[in-house]
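Coordinates in review
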There are 2 protein chains.
Amino acid sequence: MSEQRGRQSLCFSHPPCIVSSSSVVGKKEGEGPLSGRFDLVVEDDKFGSENWEEAESAFQKKAMEIAIEKAGVSPEDIRYLFAGDLLGQSVASSFALQPFGVPLFGLYGACSTSGLALSLAAMTVAAGYAYLAGAVTSSHFASAEKQFRFPLEYANQRPLSTTWTVTGSGAFLIAGQDFRKKDECPVRITGVTTGKIVDYGVRDSMNMGAAMAPAAKDVIEAHLEDFGRTADDYDRIITGDLGKVGREILIDLLKEKNIDISEKHMDCGIEIFDNEKQGTGSGGSGCGCSAVMLSAHFLPLLRSGKLRRILFVPTGALLSRISFNEGQNVPGIAHAVVIECCEESCSRRRTDRSGSPR
Amino acid sequence: MSEQRGRQSLCFSHPPCIVSSSSVVGKKEGEGPLSGRFDLVVEDDKFGSENWEEAESAFQKKAMEIAIEKAGVSPEDIRYLFAGDLLGQSVASSFALQPFGVPLFGLYGACSTSGLALSLAAMTVAAGYAYLAGAVTSSHFASAEKQFRFPLEYANQRPLSTTWTVTGSGAFLIAGQDFRKKDECPVRITGVTTGKIVDYGVRDSMNMGAAMAPAAKDVIEAHLEDFGRTADDYDRIITGDLGKVGREILIDLLKEKNIDISEKHMDCGIEIFDNEKQGTGSGGSGCGCSAVMLSAHFLPLLRSGKLRRILFVPTGALLSRISFNEGQNVPGIAHAVVIECCEESCSRRRTDRSGSPR
C-alpha cells in the first residue's frame, strides 16, 4: 500500500511510470534556448483555428495525440484523463479532449495544474484504479492575456516583473510499473505533496512571481519535512513559473526557514525563454510552461540518468479578471511531484534478460 | 482492493462513508418546497459581502464550517479538499477555502463538479491516501448570470427552457469505514462512474438541460453496463440540474437504448424550486444545486432507510461566455456516484451492542 507521509504527502510503494510525454509549443518558444527539443513547434500561433481559444484547444489535442502515439497505445487504453488550462471554465480542455472519448476529471489550479494533474493521475494508477491515465495542460499567450489582462490589440506596456504566458501544451501518460515499451526506460513518480492556498496579500496582476513564491515555499518546506529530506536529496528543485522575481523571493523565504535551495533550484519560466533577448520580462508562465519543460527538458535528463531525482513544483496564481478588478488579493498554490529515474528497476530488468548485470 | 468495473467505473471494496454534510442556501431556495430542511438559509443574497463573487465564497466557507462542526472534527483533521464552482478560474473556491489551510485539489466540471468532488474524495479515502477528505461546491444566481449571460441589471427576458442557478453551497466529509460519530449511521459511497465529454451540437445557452441530457444518458448507460445492473437496482436515479426540458430528453434517449428510468428518475433542479410559482423556468441549476439537494434531502432519506441505494448524477454544461460568443457548441459531462445506506453494517453494530438484532 502507498503510504501517507506527514501532513500532506504520499509516498507510492509501487511508483507509477511516466511512459510517454509530449510538448507542442508556439513559434516564440521554439526560438528560445530549448529550440530543437520540443516535439512540435507550431509556427502559426492560431494553429489554423479561427480564434485564440480554439488554437489553445488545438495545441492540447495535438499534445495528447503525440503522447498517445509515442506510447504505442490507443485512446481507449487510457482509463482516465486529468486535465486543465487557464481559460474561464477550462474551455480549452473541454474542446480539446472531447474527441478522445476518455472519462475526464477536469481540474483547475492555475499554472499549478500540471502538478495537480500528474499527482492525481499517479495516485489513481498507484491505487489500482487505472492501468493507464493521462495528464494534460495547456496555455496560450494570446488567450491568457485576453482572459486575465487586456486584449493584445491595446498593446499596453508590460513592467519587468511581468511573466510571458507560454503558448504550448504538454501531455503525459502514467502507467503501472509493469507497463514496458520496448527497451525504453520510463521514469517514476515516487511521491506527491499537495499544496494549500497561501495568501501573502499580493495584489499586482503584473507580478505573479511574488504571488506564487510563498505557496512554493510552503509546499517545498512541507515536502522536505514530510519526507524527512533536505534539498541535497534532490538533483534539482524545479518550480513552474516564478520567473526571476519570484525565484529571489522563494529562495529568501526558504532561507528564513534554514532551507537553502539556491544551488538546486531551477524555474521552468526562467529556462524556457532567453528573457532579455526575447523580451519576456521575468520569465515564461502558464499551465503549458512547466508541462512542456518537464517533457522536453527534464524527463530526457532523467531518462538518460543525468538527473536521478527531481522535485517538480508547478506554481499557480489564483485570480480571475473579476476577482482582480474587485480588488481581491492574488493567493498562490503549488503542488510538488517527486520524479525519479528508475535505474534500479532497469538494471534488474536487464539482469533478468541477459543473465548478467549491465 | 477496490475494483475496476467495465470501461469507466470503480467499485469500492471498503466503501468510504459520508460522515457529515451541510447545505447553505439563499432566500429563494429557502422559500421553495424544501423549506426547513437546509442547515442555513441566508436572507441576504450578498451574505454581508461587497459583491456577488465574495458572497459565493461566504456561502462555501459557511458550508464547510457547518460540515466540520457536525462531524465533530477540526480543519486539521481533513487531509485533502476537493472543490470547485462555476466562476472563471474557480475564484469562489479559492477565496472560500484558503482559511481552512487544507491541501486542495481544485476541480472544474461545470455543474457536475459535486459528482467530481465526491468521486475523487471517495477514491482518495478508499485508496488509503486520506482518513478524512472534504468535497465542496457552490454556485450563486447573480454571479453565474454575470459570468455566463448578462448582468442582472439588464433584466433580460428568460425563455421557459432556462434554468435558475441555485444560490448555495453543499459540503461533504468523507471518511474511512471505521469513522463513527456517536450513534449516527453514515451512508457509504460504494462506486463511481466517471463521465466523458458528450457533444450533441447544442448551441443554446438558455437551454442547458438539452446540452447536458446526452452526457447524463451516456454515464447512466455506462454505469448500468459496468455494474451489470438495471434501473430497478436503484431506489432513485437523481440527476443534477437537467430541469424539465432535460429530463424529457434523458428519458427518451435512454428508452432508445431500452433503458427505462422514468419511474426512478428525479432531478435536483426540478425538486428544489416550485418552478411555476417561483418563476424558475425549467428548474434549478448550478454547482450548488445538486450538492444542497443531496445534503438536505437525499442523505436524510438514506440515513433513515427510506432510500436504500441511489445513483447520484450531477450534470455539467461545458461552456464559457467566450466559447459561447465564439459560436462553439455546449458539450456536456456528468459523473455518477452510487450512495447507499449502510443498514447492514448498522444492524451488525447494533447486534454487537445489544446482543439481539434490531
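A quick note: this is a predicted structure, and the numbers were derived from the prediction, not measured.

In this section: the relation of the copies chain B and chain A. Turning chain B through 180° and shifting it by 0.0 Å along the axis lays it on chain A, with an RMSD of 0.0 Å. Here the two chains are linked by the operation of a two-fold rotation axis. With an isologous cut-off of 70% or more, the 100% of interface residues of chain B that recur at the interface of chain A puts this contact in the isologous class.

Glancing now at the interface of chain B and chain A. Taken together, the 65 residues of chain B in the interface contact 65 residues of chain A. Between chain B and chain A, the buried area comes to about 5400 Å², and carbon and sulfur atoms account for 59% of it. At the boundary of chain B with chain A, the tally comes to 2 salt bridges. The closest approach of N and O atoms between A:Glu326 and B:Lys146, which form a salt bridge, is 3.3 Å. For the side of chain B that touches chain A, the residue count by class is 31 nonpolar, 24 polar and 10 charged.

Excluding glycine, residues mostly carry a negative phi; peptide bonds, for their part, are mostly trans. Although it is not a glycine, A:Ala110 adopts a positive phi angle of roughly 50°. For A:Ala110, the location among the structural elements is in the loop between β6 (104-106) and α4 (113-126). The phi torsion at B:Ala155 lies on the positive side, around 50°, for a residue other than glycine. Looking at where B:Ala155 falls in the secondary structure, it is placed in the loop between α5 (141-148) and β8 (163-165).

Confidence along chain A averages 92 in pLDDT terms, with 93% of residues attaining 70 or more. Predicted complex, confidence summary: ipTM 0.94, pTM 0.95.

Right, let's talk about the packing of helix α6 (residues 208-227) of chain A against helix α7 (residues 243-256) of chain A for a bit. Residue and element names in this part refer to chain A. Contact pair α6 / α7: the axes reach a minimum separation of 8 Å and the direction vectors enclose 35°. The way α6 lies across α7 gives a crossing that is right-handed. Counted together, Gly209, Ala210, Ala213, Pro214, Ala216, Lys217, Ile220 and Glu221 of α6 and Gly246, Ile249, Leu250, Leu253 and Leu254 of α7 form the full contact between these two elements. In terms of residue class, the contact of α6 with α7 is built from 9 nonpolar, 2 polar and 2 charged.

Right, let's talk about the packing of aromatic side chains for a bit. By the definition in use, this model includes 14 aromatic pairs over all chains. Three or more aromatic residues link up through ring pairs in this structure, and these residues are A:Tyr80, A:Phe82 and A:Phe105. In this structure, B:Lys46 is placed above the aromatic ring of B:Trp52, and the distance from its NZ or CZ to the ring centre is 4.8 Å.

It is worth spelling out α6(A) at this point. All names here are of chain A. Taking 1.5 Å of rise per residue, 20 residues should cover 28 Å, and α6 covers 29 Å from first to last C-alpha, within 8% of that figure. Within α6, 17 of the 20 residues are buried, which leaves it mostly tucked inside the rest of the structure. Glycine 228 sits one or two positions beyond α6 and adopts a positive phi of about 60°.

What follows concerns the layout of surface pockets. Counted as a void, the largest pocket has a volume near 300 Å³. Looking at the largest pocket, it is lined by 15 residues, and the ones nearest its centre are A:Gln147, A:Arg321, A:Ile322, B:Gln147 and B:Arg321. Every element with two or more residues in the lining of the largest pocket is listed here: α11 (321-325) of chain A together with α5 and α11 (321-325) of chain B. Of the residues assigned to the lining of the largest pocket, the class counts are 2 nonpolar, 10 polar and 3 charged.

Here we take up the nonpolar core. Soluble globular proteins: nonpolar side chains tend toward being buried together. One finds A:Phe82, A:Ile189, A:Ile339, B:Phe82, B:Ile189 and B:Ile339 to be the most contacted residues of the largest nonpolar core, which totals 100 residues. Not counting residues up to four positions away in its chain, the partners in contact with B:Ile339 are B:Ile18, B:Val187, B:Arg188, B:Ile189, B:Leu294, B:Leu299, B:Leu302, B:Arg308, B:Arg309, B:Ile310 and B:Phe312.

Moving on: the pairing of strand β17 (residues 336-341) of chain A. All names here are of chain A. By the criterion of burial, β17 is predominantly enclosed, with 6 of the 6 residues buried. Judged by which residues are buried, β17 turns out to be covered on both faces: Ala336, Val338 and Glu340 on one side and Val337, Ile339 and Cys341 on the other are all buried. Sheet topology note: the strand β10 (residues 187-193)/β17 ladder contains 6 bridges and is antiparallel. Looking at the pairing, isoleucine 189 lines up with isoleucine 339 of β17. Taken together, the 4 bridges between strand β14 (residues 309-313) and β17 define a ladder with antiparallel strand orientation. In the strand pairing of β17, arginine 309 is matched with glutamate 340.

Residues A:Asp232, A:Asp233, A:Asp260 and A:Glu263 make up a contiguous surface patch of negative charge. On the secondary structure map, A:Asp260 appears in the loop between α7 and β12 (265-267).

All names here are of chain B. The geometry of helix α2 (residues 52-71) relative to α5 is characterised by a closest axis approach of 8 Å and an angle of 135° between their N-to-C directions. The angle between α2 and α5 places the two elements in the oblique class. Seen from above, α2 lies across α5 with left-handed handedness. Counted together, Trp52, Glu53 and Glu56 of α2 and Ala142, Ser143 and Lys146 of α5 form the full contact between these two elements.

In this section: the pattern of salt bridges. If you walk through the whole model with that rule in mind, you get 22 salt bridges over all chains. A salt bridge links B:Asp39 to B:Lys70, with the nearest nitrogen and oxygen atoms 2.9 Å apart. Residue B:Asp39 is found in the loop between α1 (27-30) and β4 (40-42), and its partner B:Lys70 is found in helix α2; the two are separated by 31 residues along the sequence. Given a relative accessible area of 33%, B:Lys70 falls into the partly exposed group. Because the salt bridges share partners, they merge into one network encompassing A:Glu53, A:Lys146 and B:Glu326.

All names here are of chain A. Tallied over the full model, the rule gives 0 disulfides over all chains. The cysteine cysteine 268 is free of any disulfide, with cysteine 289 supplying the nearest cysteine sulfur at 5.5 Å. Since its relative accessible area comes to 0%, cysteine 268 is described here as buried.

We now examine the environment of B:Lys61. Residue and element names in this part refer to chain B. With respect to the helices, strands and loops of the structure, lysine 61 is situated in helix α2. Residue lysine 61 is classed as partly exposed on the basis of its relative accessible area of 30%. Sequence separation between lysine 61 and glutamate 153 is 92 residues; the distance between their C-alpha atoms is 27 Å. Leaving out residues up to four positions away in the same chain, lysine 61 has contacts with Ala96, Pro99 and Phe100.

What counts and how
- Residues numbered from 1 in each chain as written.
- Chains lettered and ligands numbered in written order.
- Predicted model: local features only at pLDDT ≥ 70, side-chain atom pairs only at ≥ 80, totals over all residues.
- Heavy atoms only, no water.
- Least-squares fit on C-alpha atoms with pLDDT ≥ 70 in both.
- Contact = heavy atoms within 4.5 Å.
- Buried area = accessible area lost by both parts, 1.4 Å probe.
- Salt bridge = Lys/Arg side-chain N within 4 Å of Asp/Glu carboxyl O.
- Nonpolar A, V, L, I, M, F, W, Y, C, P; charged D, E, K, R; others polar.
- Helix = DSSP H or I, 4+ residues; strand = E, 2+ residues; numbered from the N terminus.
- pLDDT = per-residue confidence, 0-100.
- Axes fitted to C-alpha atoms, helices over the stretch in contact; angles between N-to-C directions.
- Left-handed = near helix turned anticlockwise from the far one by under 90°.
- Phe/Tyr/Trp six-rings, centres within 6.5 Å; stacked < 30°, edge-to-face > 60°.
- Lys NZ or Arg CZ within 6 Å of the ring centre and 35° of its normal.
- Expected span 1.5 Å × (residues − 1).
- Buried < 20%, exposed > 50% of the residue type's maximum accessible area, 1.4 Å probe, protein only.
- 1 Å grid on protein atoms, 1.4 Å probe; cavity = no way out; pocket = protein on both sides within 12 Å on 5 of 7 lines; lining within 4 Å.
- Points joined across faces, edges and corners; volume = space filled by probe spheres on them.
- Core = buried A, V, L, I, M, F, W, Y, C linked by side-chain atoms within 4.5 Å.
- Pairing = 2+ DSSP bridges.
- Patch = residues over 30% accessible without salt bridge, like charges linked within 9 Å, V, L, I, M, F, W, Y side chains within 5 Å.
- Areas by Shrake-Rupley, 256 points an atom, 1.4 Å probe, with all protein chains shown as cover.
- Lys, Arg positive; Asp, Glu negative; His and termini not counted.
- Charge placed at Lys NZ, Arg CZ, Asp CG, Glu CD.
- Parallel < 35°, antiparallel > 145°, perpendicular 65-115°, else oblique.
- Disulfide = S-S within 2.5 Å.

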